[in-house]
Amino acid sequence: KRFPNAKTRDDLIIARIDSSIHFSNISYLEHKLNELILIKPNAKLVIVDFSGVNDIDAHSFKSLEEMIEQLKHEKGISLYFVGMKGPIRDTAAKAGWTKKFANELSYISILQLLEDKQIKFYCSTGSGDSFLYMR
């Protein structure tokens, strides 16, 4: 809504979280992610940018873990978390995520994940259509 000219893809959802995540707001986050998935039923990849998250509790990790498994098994959707700050990564490790979800946590940035997955965005340059990675 804020960027009506933004390039999007039907098979990709990117969401940024700008709040700490706790038992009191995790259900809101889950609701919003599910809402985005309903809006984009062809989505096969959901990227959640955690660079704005400064704290997360164990309950929220458990809820997100259940969501990762549900999306993967029921809808074939991969859920990745990028941009986790050091303390969040430490909590993720304590929750066992670095073993269970090593691939889903292995990207530092959205760009790194998009390049690795070879996800490109098409744009019109005036001299013909071309593609580019989101930068």
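This text follows the structure it describes.
Residues numbered from 1 in each chain as written. Predicted model: local features only at pLDDT ≥ 70, side-chain atom pairs only at ≥ 80, totals over all residues. Heavy atoms only, no water.

1. Let's talk about the overall build of the protein
Helices and strands together make up the secondary structure of the protein, namely 5 helices and 5 strands. Of the regular secondary structure in the protein, the N- to C-terminal order runs β-α-β-α-β-α-α-α-β-β. Burial status across the protein gives 36% buried among its 135 residues. Total accessible area on the protein stands at roughly 8300 Å², and carbon and sulfur atoms take up 52% of it. (Helix = DSSP H or I, 4+ residues; strand = E, 2+ residues; numbered from the N terminus. Buried < 20%, exposed > 50% of the residue type's maximum accessible area, 1.4 Å probe, protein only. Areas by Shrake-Rupley, 256 points an atom, 1.4 Å probe, with all protein chains shown as cover.)

2. Focus on the layout of surface pockets
Its boundaries defined by the atoms lining it, the largest pocket holds a volume of some 1400 Å³. Taken together, 31 residues line the largest pocket, and the ones lying closest to its centre are Lys-1, Ile-14, Ala-15, Arg-16 and Leu-36. With 8 residues, helix 1 (residues 26-39) is the largest single contributor of residues to the lining of the largest pocket. Residue classes in the lining of the largest pocket are distributed as 18 nonpolar, 4 polar and 9 charged. (1 Å grid on protein atoms, 1.4 Å probe; cavity = no way out; pocket = protein on both sides within 12 Å on 5 of 7 lines; lining within 4 Å. Points joined across faces, edges and corners; volume = space filled by probe spheres on them. Nonpolar A, V, L, I, M, F, W, Y, C, P; charged D, E, K, R; others polar.)

3. Some details on the pattern of salt bridges
If the charged atoms of two oppositely charged side chains come close together, the side chains can form a pair. Per the stated rule, a full pass over the model turns up 6 salt bridges. When the shortest N-O distance is used, the salt bridge between Arg-16 and Asp-18 registers 2.7 Å. Put simply, Glu-35 and Lys-32 hold a salt bridge, and the shortest N to O gap is 3.1 Å. A residue pair is termed a helical-turn pair when its members lie 3 or 4 positions apart in one helix, as Glu-35 and Lys-32 do in helix 1 at 3 residues. (Salt bridge = Lys/Arg side-chain N within 4 Å of Asp/Glu carboxyl O.)

4. Some points on unusual backbone geometry
Look at Gln-118: it is not a glycine, yet its phi comes out positive at around 55 degrees. Within the secondary structure, Gln-118 sits in the loop between helix 5 (110-116) and strand 4 (121-124).

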